[in-house]
Amino acid sequence: MIRVLACVLLVLMVLASPRNLAGVSAVAQDRDAAWTAEMEKGKDQLRRRQYEDALKSFKRANEMRDKKCGVCFGWIAETYLNLEAYKNVLDSAEKTIQFADGDQQLLMRAYNHQGVALQVLAEKKDQKKLQGAETAFRQGLAIEGAPALLHYNLGVTLLQLNRDADGIAALNSPAATNWGSRFMPSLRSWGLTSVNSL
């Protein structure tokens, strides 16, 4: 019995030796470096509007993380948004939320992606999708430090829902006013001269 325990202990000591642990650590570092390189490659392709290639890079990076990478799904959603593949945006945003692991910035982006996709799919008349967009934007706004973009998108969605008073209030929030003033051409297409004139 003592011999068996001694053999088991010896095997465990060999496996836990610094040389073996260093090998495991090196493999993990190589995987992290490969993942980082694939993500950076995808971001670069996205910036250069090579959307299909970016999508492939983000999906490869996601596979390196056993298809459970919230960051990867966030960039996949962003790429699909640029491709105007809104149903795919919804799927990717859901997976981003599922695998966000408490990353608040990632969650805010995912809720914004979800809301924008629903808003576009609603085509200004599908009330159920617009309400879904409102919910997504509000979930994003519930997170501390939510960007002004969420206020602005919520205001536009509320106007599309014919809830003008709520939409005006959201658009007149300080965050939305500062952010929305950069987008006056789109507001003018609605027949508005400024966010504050609503």
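Above this note sits the structure.
Reading guide: rules and limits
Residues numbered from 1 in each chain as written. Predicted model: local features only at pLDDT ≥ 70, side-chain atom pairs only at ≥ 80, totals over all residues. Heavy atoms only, no water. Helix = DSSP H or I, 4+ residues; strand = E, 2+ residues; numbered from the N terminus. Buried < 20%, exposed > 50% of the residue type's maximum accessible area, 1.4 Å probe, protein only. Contact = heavy atoms within 4.5 Å. Areas by Shrake-Rupley, 256 points an atom, 1.4 Å probe, with all protein chains shown as cover. Salt bridge = Lys/Arg side-chain N within 4 Å of Asp/Glu carboxyl O. Phe/Tyr/Trp six-rings, centres within 6.5 Å; stacked < 30°, edge-to-face > 60°. Lys NZ or Arg CZ within 6 Å of the ring centre and 35° of its normal. Core = buried A, V, L, I, M, F, W, Y, C linked by side-chain atoms within 4.5 Å.

This next bit is on the overall build of the protein chain. Looking only at helices and strands, the protein chain features 11 helices and zero strands. If you list the helices and strands of the protein chain from N to C, you get α-α-α-α-α-α-α-α-α-α-α. Put simply, the protein chain has 198 residues, and 39% of those count as buried. A separation threshold of at least 6 residues defines the contact pool for the protein chain, and within that pool the share at least 24 residues apart is 50%. For the protein chain, the accessible area works out to roughly 11,800 Å², and carbon and sulfur atoms hold 56% of it.

Further remarks concern the pattern of salt bridges. Evaluation of the coordinates by the stated rule reveals 10 salt bridges. In this structure, the salt-bridge partner of R109 is E78, at a minimum N-O distance of 3.6 Å. Of the two residues, R109 sits in helix α6 (residues 104–122) while E78 sits in helix α4 (residues 70–82), which places them 31 residues apart along the sequence. Here R138 makes a salt bridge to E134, at a shortest N to O gap of 2.9 Å. Here R138 pairs with E134, and both are found in helix α7 (residues 127–141), just four residues apart, close to one helical turn. A residue is classified by how much of its surface remains accessible, and R138, at 38% relative accessible area, is partly exposed. If you follow the salt bridges from partner to partner, you end up with E134, R138, R163 and D166 in one network.

Time to look at the environment of T36. When you line up the elements, T36 lands in helix α2 (residues 18–47). Among the residues examined, T36 registers a relative accessible area of 38% and is labelled partly exposed. Taking the C-alpha atoms as reference points, T36 and A61, separated by 25 residues in sequence, lie 8.0 Å from one another.

When we look at a pair of aromatic rings, we describe it by the centre distance and by the angle of the planes. As enumerated under the stated definition, the model contains two aromatic pairs in all. Centre to centre, the rings of F73 and F99 are 5.9 Å apart; their planes meet at 15°, and the pair counts as stacked. Pair noted here: F73 is in helix α4 and F99 is in the loop between α5 (86–98) and α6, with a separation of 26 residues, a long-range link. In terms of burial, F73 and F99 fall into one category: buried. The aromatic ring of W35 is capped on one face by R65, whose charged end is 4.4 Å from the ring centroid. When the ring centre of W75 is taken as reference, the NZ or CZ atom of R109 above it lies at 4.6 Å.

Glancing now at the side chain of Q45. Mapped onto the elements, Q45 comes out in helix α2. Those residues in contact with Q45 that sit more than four places away from it in its chain are Q50, D53, A54 and S57.

The phi torsion at D66 lies on the positive side, around 60°, for a residue other than glycine. Here D66 lies in the loop between α3 (51–64) and α4. In this model, N162 sits at a positive phi of 65°, which is unusual for a non-glycine residue. One can find N162 in the loop between α8 (148–160) and α9 (164–171).

So, about the nonpolar core. W35, M39, C72, I76 and F137 are the most contacted members of the largest nonpolar core, which has 36 residues in total. Every element with two or more residues in this core is listed here: α2, α3, α4, α5, α6, α7 and α8. Per-element tally for this core: the top contributor is α6, with eight residues. Contact partners of I76, with chain neighbours within four places excluded, come to L55, F58, K59 and S92.

Geometric descriptors of this kind do not, in isolation, establish any biological role.
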